[in-house]
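Residue strings, one per chain:
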Amino acid sequence: MSSTIASEGSSTRTTPQGVEPGSYEKDPAGFLRKRRGRYGERAAMAVLIGAAGLSVLVTVGIFFALLLPALEFFREIGVVEFLTGQRWAPSFSDSSFGILPLVTGTLWTTLIGLLIAVPFGLGAAIYLAEYAPERLRRVLKPVLEVLAGIPSVVYGYFALFFVAPTILNDLLSVDVGTFSVLAAGLVLGIMIIPTVASLSEDAMSAVPRSLREASLALGANRMRTTLRVVFPAAVSGITASIVLAGSRAVGETMIVALAAGTRAQMVSNPTDAGQTMTGYIAQTATGESSPGTLTYNTLFAVGLLLFVVTLLLNVVAGSIVRKIREAY
Amino acid sequence: MNSHYYSTRTHDVAEAGNETAANELASLVEVRQDDRRSLPSDPKPIMECEGVDVFYDDFRAVTDVSLGFGYNEITALIGPSGCGKSTLLRSLNRMNDLILGARVEGAVTFHGQSIYAKDVDPIEVRRRIGMVFQKPNPFPKSIYDNVAYGPRVTGAKVSDMDDLVEEALTRSALWDEVKDKLKQSALGLSGGQQQRLCIARTIAIRPEVILMDEPCSALDPIATSRIEDLMVELVKDYSIIIVTHNMQQAARVADRTAFFTALADEGTGDRTGLLVEYDLTAKIFSTPADERTENYISGRFG
């Protein structure tokens, strides 16, 4: 490598000693001139720009793919009726397109899921980041992340055949039917624990050791150090983990499709069955609805709402984080 | 920054001859001579080490250290890198507990009470023996909250937190600079101000001993000088133990100085720190008893 450079230098470049008087006027860049043919660099940059651009393009593409059929939908059904109607019966003869039943279904499963995932996830993160010996942490964290790799259809069956009948009915004597948002939400919560735990643990581990030492040297115990120093410093990462987990819960399909049921009704009690937005899409998007029909467009309207909800979640979380975080 | 300052100084000094170096240090000792009352030849100890070894797993970082740290005195621990000064310092308020595999053998006592005894709560130890670190490490909170942190988390009964914060900041010579921006983030302060804030934060919990681990090594000479003045001021009420790489600093501020050196194991090459000499600073820098001390302070070694 170095020999190539040396030989090139001596044979093709003009060295300062070899500069002819007056040659700077003819050739201002002289021997410092850019050399031709940095094709490798350009190619690499093009690939990287392509990689970065693709994800943006896909997002924009998805948005418009959702938007156009959804606009078709709203030409027939008013936005207000869609957002405030309490009866969801798109395929009935006296059809009705009030999405609130689906929204309540999603809200219940998501909130129950977060109610499980946030305390357990944060607890696990605090233990791993602040208390667990290094060796144990190296074993536990990958195990926890395996939990995130289990296919959600497996979780769905777990909710349907084990959590609802055995845990809820038999063990806890909670009266639920085959389908309930409670069983779906609980299992959904278990599924997103690793998201909360793993990302929060990363955020807490990234807080400089010197801050912990400062706190301990002032006579604070570990829990106070965790809650008053580590937590505020890591809050943006922790919030991000919860929002991401929330987005996953809102978007999760298999568990709720299997365990929450297909009855689109206003869910007022966690033991009720209920259909979620994703559950409706999974049930309806079977390939039988042809483009341009109202059923087809309905799918996209629901999809668009999901998209907007997730987006809003992220925006709101971002602004909360900016207000409360203690940047180190 | 300061270590750079220090190393070029030693270099110059070494060129000018070892005699000059020793004389310069001896003259620095004069600076605080009036202050340094007539100190007894042995300190009246607030803390004592008796045959202390510090291990990291099987590695012995410090071996067989015995010395006493005097009441209302500044004790400097000096010596070349890797001689275990900081390790020893961190074992004086059980900060080494946080390092997996760290272990202290021998006795470390505070008012005659062993701080490693079975039922001793390290948190109680650290409340009484505060610590200021090498790199200023204020919390990413407001200046006020930094100072109030200690009293808040230790559940101290504070009748007026505002007063306490003002007092701690005044005592650390920072009040005038920050009194109008107490609610602003401590991270907006300069390095020297941050370090004084860390000192304020430490004295806010009213410890008896303050450990300082090279507190000026990240600071410029002006900030360093302010911290040194502060130490001389604080020693009226506190006992201070400071690790420093800067011999001039030890000569300027310390009442007593302990010189450590590192001994390399011939088999493993592991370096173990040991105490060579401990005496009044004036003595260490003018007529050291041990040849190794003399070589070190005159710049022939380290």
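Coordinates for the structure precede this section.
How each quantity is defined
- Residues numbered from 1 in each chain as written.
- Chains lettered and ligands numbered in written order.
- Predicted model: local features only at pLDDT ≥ 70, side-chain atom pairs only at ≥ 80, totals over all residues.
- Heavy atoms only, no water.
- Helix = DSSP H or I, 4+ residues; strand = E, 2+ residues; numbered from the N terminus.
- Axes fitted to C-alpha atoms, helices over the stretch in contact; angles between N-to-C directions.
- Left-handed = near helix turned anticlockwise from the far one by under 90°.
- Nonpolar A, V, L, I, M, F, W, Y, C, P; charged D, E, K, R; others polar.
- Pairing = 2+ DSSP bridges.
- Contact = heavy atoms within 4.5 Å.
- Buried area = accessible area lost by both parts, 1.4 Å probe.
- Salt bridge = Lys/Arg side-chain N within 4 Å of Asp/Glu carboxyl O.
- Polar contact = N/O pair within 3.5 Å; in protein donor to acceptor, adjacent residues only side chain to side chain.
- Core = buried A, V, L, I, M, F, W, Y, C linked by side-chain atoms within 4.5 Å.
- Buried < 20%, exposed > 50% of the residue type's maximum accessible area, 1.4 Å probe, protein only.
- 1 Å grid on protein atoms, 1.4 Å probe; cavity = no way out; pocket = protein on both sides within 12 Å on 5 of 7 lines; lining within 4 Å.
- Points joined across faces, edges and corners; volume = space filled by probe spheres on them.
- Patch = residues over 30% accessible without salt bridge, like charges linked within 9 Å, V, L, I, M, F, W, Y side chains within 5 Å.
- Areas by Shrake-Rupley, 256 points an atom, 1.4 Å probe, with all protein chains shown as cover.

Chemist: Kindly report on the environment of A:Lys323, identifying the contributing residues and their values.
Modeler: Inspection of the secondary structure assignment puts A:Lys323 in helix α13 (residues 294–324). Here the alpha-carbon distance between A:Lys323 and A:Ile281, two residues 42 residues apart in the chain, equals 36 Å.

Chemist: I'd love a proper account of the packing of helix α5 (residues 100–131) of chain A against helix α8 (residues 181–205) of chain A, names of residues and values included.
Modeler: Residues and elements named next belong to chain A. With their axes 5 Å apart at the nearest point, α5 and α8 run at an angle of 35° to one another. Once α5 is placed against α8, the crossing between them reads as right-handed. Its residues assigned to classes, the contact of α5 with α8 shows 24 nonpolar, nine polar and two charged.

Chemist: Requested: an account of the sheet that holds strand β6 (residues 129–132) of chain B, with residues and values cited.
Modeler: Residue and element names in this part refer to chain B. Read across the open sheet, the 10 strands follow the order β5-β4-β1-β2-β10-β9-β3-β8-β7-β6; overall the sheet is mixed. Edge positions in the open sheet fall to β5 (113–114) and β6, since each of these has one partner strand only. Where strand β2 (residues 59–70) and strand β10 (residues 271–280) come together, two bridges link them in parallel fashion. By the bridge assignment, Thr-63 is partnered in β10 with Leu-274. Helix-sheet contacts for helix α9 (residues 221–234) involve β3 (74–78), β7 (209–213) and β8 (239–243), and the interaxial angle to β8 is about 150°.

Chemist: Give me the interface of chain A and chain B: which residues, what numbers.
Modeler: On the chain B side, the residues contacting the 20 residues of chain A number 24 residues. Counting the surface lost from both chain A and chain B, the interface buries some 2000 Å², and carbon and sulfur atoms represent 63% of this. One can count one salt bridge joining chain A with chain B. Here B:Arg90 ties to A:Glu213 by a salt bridge, and the two come within 2.7 Å at their closest N and O atoms. In this structure, the connection of chain A to chain B is made through five residue pairs in polar contact (both at pLDDT 80 or more). Listing elements by their share of the side of chain A that touches chain B, those giving two or more residues are α9 (209–217) and α10 (222–251) of chain A. No other element matches α9(A), which puts eight residues into the side of chain A that touches chain B. A breakdown of the residues in the side of chain A that touches chain B according to their chemical character gives 10 nonpolar, five polar and five charged.

Chemist: Before we move on, could you go through the nonpolar core and cite the residues and values that matter?
Modeler: Within the largest apolar cluster, 52 residues are counted, with the highest numbers of intra-cluster contacts made by B:Leu169 and B:Phe285. Broken down by element, the residue count for this core peaks at six residues, all from α9(B). One finds A:Leu182, A:Val187, A:Ile238 and B:Ile205 within the second-largest nonpolar core, a separate group that totals 44 residues.

Chemist: Any details on the layout of surface pockets? Residues and values, ideally.
Modeler: One water molecule sets the probe size; rolling that probe over the atoms shows where empty space is left. Within this model, the largest pocket holds a volume of roughly 610 Å³. In this structure, the largest pocket is lined by 23 residues; those nearest its centre are A:Ala129, A:Glu130, A:Arg209, A:Arg222 and B:Leu98. Broken down by secondary-structure element, the contributors of at least two residues to the lining of the largest pocket are α5, α6 (134–149), α9 and α10 of chain A. Per-class residue counts for the lining of the largest pocket are 11 nonpolar, four polar and eight charged.

Chemist: Got a sec to walk through the pattern of salt bridges? Specific residues and values, please.
Modeler: All names here are of chain A. Per the stated rule, a full pass over the model turns up 26 salt bridges over all chains. Here Arg-137 and Glu-134 are joined by a salt bridge, their closest N and O atoms 3.4 Å apart. In this pair, Arg-137 and Glu-134 both sit in helix α6, three residues apart, roughly one turn of the helix. On the accessibility criterion, Glu-134 (33% relative accessible area) is partly exposed. A salt bridge links Lys-141 to Glu-201; its shortest N-O distance comes to 2.9 Å. With Lys-141 in helix α6 and Glu-201 in helix α8, this pair connects stretches of sequence that are 60 residues apart. Like Glu-201, Lys-141 is buried. It is possible to trace a salt-bridge network through shared partners that takes in Glu-134, Arg-137, Arg-138, Lys-141, Glu-201 and Asp-202.

Chemist: Describe a nonpolar patch on the surface, listing the residues and the values that go with them.
Modeler: Residues and elements named next belong to chain A. Side chains of Tyr-127, Tyr-131, Leu-136, Leu-140, Met-223 and Leu-227 sit close together on the surface and give an oily, nonpolar patch of about 490 Å² of accessible area. Those elements that provide at least two residues to the nonpolar patch are α5, α6 and α10. Within the element layout of this structure, Tyr-131 appears in helix α5. Since its relative accessible area comes to 30%, Tyr-131 is described here as partly exposed.

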